[in-house]
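Survey of secondary and tertiary structure
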Amino acid sequence: MSRLFQPLSLGALELANRIVIAPMCQYSAENGNATDWHMIHLGTLAQSGAGLLIVEATAVTPEGRISPADLGLYDDANEAALERVVEAVRRYGTTPLAIQLGHAGRKASCRKPWDGGTQIAPDAPDGWQTVAPSALPFADGNVAPVALDDAGLTRLRDAFAEAARRAARLGFVGIELHAAHGYLLHQFLSPLSNRRTDRYGGSLENRLRFPLEVFDAIREVFPADRPVWARVSATDWVEGGWDVDGTIAFARALKERGAAAIHVSSGGLSPAQQIPVGPGYQVPLAEAVRKAVDLPVIAVGLITDPEEAEAILTEGQADAIGIARAALYDPRWPWHAAAKLGAQIDAPPQYWRSEPREYRNLFRTKP
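Note that the coordinates shown come from a computational prediction; the quantities given were computed from them, not determined experimentally. (Residues numbered from 1 in each chain as written. Predicted model: local features only at pLDDT ≥ 70, side-chain atom pairs only at ≥ 80, totals over all residues. Heavy atoms only, no water.)

So, about the environment of Gly72. Within the element layout of this structure, Gly72 appears in the loop between strand S4 (52–59) and helix H2 (76–92). For the pair formed by Gly72 and Trp37, sequence separation is 35 residues and the distance between their alpha carbons is 15 Å. Discounting residues that sit within four places of it in the chain, Gly72 has contacts with Gly32, Thr58, Ala59 and Asn78. (Helix = DSSP H or I, 4+ residues; strand = E, 2+ residues; numbered from the N terminus. Contact = heavy atoms within 4.5 Å.)

Taken as a whole and judged by the stated rule, the model has five aromatic pairs. Both rings, one in Phe188 and one in Phe210, keep their centres 4.7 Å apart while their planes meet at 35°; by these two values the pair is tilted. You can see Phe188 sitting in helix H4 (residues 184–189) and its partner Phe210 sitting in helix H5 (residues 204–221), a full 22 residues away along the chain. Assigned by exposure class, Phe188 and Phe210 land together as buried. Plain terms: the ring middles of Trp335 and Phe363 are 4.9 Å apart, the flat faces sit at 65° to each other, and that makes the pair edge-to-face. Taken together, the residues span a long stretch of sequence, with Trp335 in helix H10 (residues 333–341) and Phe363 in the segment after H10 at a distance of 28 residues. We classify Trp335 as buried; its relative accessible area is 8%. You can call Phe363 buried: its relative accessible area is 2%. Members of the aromatic cluster, joined through ring pairs, are Phe188, Tyr200 and Phe210. Looking at Lys107, its charged tip hangs above the ring of Phe138, at a distance of 5.0 Å from the centre. (Phe/Tyr/Trp six-rings, centres within 6.5 Å; stacked < 30°, edge-to-face > 60°. Buried < 20%, exposed > 50% of the residue type's maximum accessible area, 1.4 Å probe, protein only. Lys NZ or Arg CZ within 6 Å of the ring centre and 35° of its normal.)

In C-alpha cells form, the structure reads like this:
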C-alpha cells in the first residue's frame, strides 16, 4: 500500500491519508470576516480528498492581521462569517477542517502581496501600529513596532485562548499554532528579533517562554479530544539566527505540553535570509526534527510530485506531506497522486462519474 495513503493519527484525530493542505493566506476578508471567496476557495480544496485542510493564518486580534484583508477570529462578526463558510464546506466536503491561529507582530499592517506587500504606516489609511517582542523593524524604512509590556503579553495570551474557544464552537477538528515565517511567536523565538532583557528574552529557555505560554492557553480551552500542534520555521537562514537545535528544543517542550505534531517550514524572519530554494528543500529540516522528537512531523516546501512525497514518507523523513501552492495549481492533486500510486481516495458522489476508465477503483466511496 502507498505510504502517502495510509491513515495517520494526530492525537485522537484520525486522518484518512497523509496529505495535508497547508494554510495559505487569501487576503480576501473584510474587517476580518470570511467572504464568498473563502466559500469558493475552501469548498474547492475540501473536495480534494486530502487527509486534512488547514484554514489560512487567522489573526487573534485586529492588529495581528498581516494585511487589512486578512482573516480574523477575534469578534462575534468574524465568528458568524466563518461559521457560514465552515458549515457549507463541512456539509459537502470530504476533507476535515483545522484552522491556523496566529499574530503577525512586526510584519503586520502590510499591503496585499499583489499590491506590493509593503508596510502601511500607522497614520495611513488602513494602517496601524504594530507590536513585537522588541522595537526592531522587520525591514529598513519600516516604522518600528512597539515592544510588548506585561499587560500586552497578557492580552495576547487571552486573545489566542478566546480565538481557540471560537474555533471549538465552529467545530474545527484541530488548531495549528503559527510560530513560523517571521510572525509574532517566531519573533519571540529568534535572537535576531528578540532583544528583551526580561524573562522573555536572552536565553533559549526565555525565548521559548511566551510561545509555550500561548500554546498552553490554547490547549487549556480547546477540547481535549481535538489536537493542537505548531508550525515552525526550523531556521532563519541567517547566521546567528533561529536554528534547528532551537527548533528541536521547542518541539520537545511542545510535546511535553501535549502537542500532537510539528509542521516544519523555514525562513520569513529577516530580509537577509539566504534560502537554497529547490524541490523538497525543507525536507532535511523536517527529518532532523523527526529524528530528535517523537512526534508526527509534517514536511512542506516545493513537494509537488507524488513519487517524491511517497519517497519522503517511505524513507522516514516525515510522517505527512504538506502541499500549498501545488494545491492551488491543481486542487485535485490528491486524486492524481492516488491514481499514480495505485491508491484509493474519497470523492463526493456528484463527481463519481469523472473517474477515468483506467482508474476504475480510484474513488473509495463509489459503489
